[in-house]
Amino acid sequence: MLNRLFSFVTAAVIFGLAWNSFGQASEQGLPKATWTPVGEETTIPYGWVDFCNRHAEECALGKLKPVDVRMTRQVWKTLNEVNAFANSTIEPISNLEHWGTMLDHWDYPVDGKGDCKIYALFKRKLLIERGFPRQALLMTIVRDLNGEGHAVLTVKTDRGDFVLDNLSGDVRPWTATGYQFFKRQAQDDPNVWLSLGGTTGAAPTEAATN
């Protein structure tokens, strides 16, 4: 499994270096979403602080200019490929079973296993390696359809906010999840987290396109 992860990451790096989709105009006939209402600065999840203590290179970036991904057919294809790959590759396991602690442990799937945070961080990593701007890839804390805490990756695009989720095989507009959205990273600084106010979107059957 780890060899499969390595092969995918290597291919992604090569692909990302050769790909320059973000400067292109948004194409027609693609999914369209809205943008999640964002509030004031809020508390930083313990798991992110702990992750930064072990992966300082991920957090000591300073301020970055906010950037949204330009949605193209290639971008949409890549988002779905990365979401499907991570969902099929990582073996789901609870935080307690995996790490032996009730404290949130955020990490990459070093042993091919993990819970929702591991899925989301891995997808973020793969997309960055494919050339996506990290300012558009935001770790997000929600409450799922069972009312339980959950983490997803929000991708900010010029056609709205989309969610990559280990509980769904589809990349969906944030409003199509039915989740309550509580907090996520700021675009200009991954160490600043912003309140989303517990906003809940209705869950339409499919995304609008035009």
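No experiment lies behind these values; they were computed from the predicted model shown.

Caption draft 1: Quick look at the state of the cysteines. The full count for this structure, using the stated rule, is one disulfide. Covalent S-S linkage joins Cys-52 and Cys-59, the inter-sulfur distance amounting to 2.0 Å. Around the S-S axis, the bridge from Cys-52 to Cys-59 shows a dihedral of about -85° and counts as left-handed. Looking at Cys-59, the relative accessible area reads 7%, which means it is buried.

Caption draft 2: The arrangement of empty space enclosed by the protein in detail. Under the defined criterion, the tally for this structure stands at one cavity of 30 Å³ or more. Around the largest cavity, the lining residues are Leu-61, Leu-64, Arg-124, Arg-134, Gln-135, Leu-137, Leu-138, Gln-185, Ala-186, Gln-187, Asp-189 and Pro-190. Of the residues contributing to the lining of the largest cavity, the split by class is six nonpolar, three polar and three charged.

Caption draft 3: Representation of the environment of Glu-81 within the structure. Mapped onto the fold, Glu-81 is located in helix 3 (residues 73–89). Spatially, the C-alpha atoms of Glu-81 and Gly-169 are 9.9 Å apart, while their sequence positions differ by 88 residues. A distance of 2.5 Å separates polar atoms of two side chains, one belonging to Glu-81 and the other to Lys-77.

Caption draft 4: Seen up close, the packing of aromatic side chains. Following the criterion strictly, the structure yields eight aromatic pairs and no others. Seen from their ring centres, Phe-51 and Tyr-108 are 5.6 Å apart, and the 85° between their planes marks the pair as edge-to-face. Within this pair, whereas Phe-51 is found in helix 2 (residues 46–54), its partner Tyr-108 is found in the loop between helix 4 (95–99) and strand 4 (113–114), the two being separated by 57 residues in sequence. For Phe-51, a relative accessible area of 0% translates into the label buried. Look at Phe-85 and Phe-122: their rings are 6.4 Å apart centre to centre, the planes differ by 40°, and that puts the pair in the tilted class. Residue Phe-85 is found in helix 3, and its partner Phe-122 is found in helix 5 (residues 116–129); the two are separated by 37 residues along the sequence. Put simply, the rings of Trp-48, Phe-51, Trp-106, Tyr-108 and Trp-193 touch in pairs and so form one group of aromatic residues. Directly above the ring of Tyr-108 sits Lys-125, whose terminal nitrogen or CZ lies 5.1 Å from the centroid. Against the face of Tyr-179 rests Arg-172, its NZ or CZ located 5.8 Å from the ring centre.

Calculation notes
Residues numbered from 1 in each chain as written. Predicted model: local features only at pLDDT ≥ 70, side-chain atom pairs only at ≥ 80, totals over all residues. Heavy atoms only, no water. Disulfide = S-S within 2.5 Å. Buried < 20%, exposed > 50% of the residue type's maximum accessible area, 1.4 Å probe, protein only. 1 Å grid on protein atoms, 1.4 Å probe; cavity = no way out; pocket = protein on both sides within 12 Å on 5 of 7 lines; lining within 4 Å. Points joined across faces, edges and corners; volume = space filled by probe spheres on them. Nonpolar A, V, L, I, M, F, W, Y, C, P; charged D, E, K, R; others polar. Helix = DSSP H or I, 4+ residues; strand = E, 2+ residues; numbered from the N terminus. Polar contact = N/O pair within 3.5 Å; in protein donor to acceptor, adjacent residues only side chain to side chain. Phe/Tyr/Trp six-rings, centres within 6.5 Å; stacked < 30°, edge-to-face > 60°. Lys NZ or Arg CZ within 6 Å of the ring centre and 35° of its normal.

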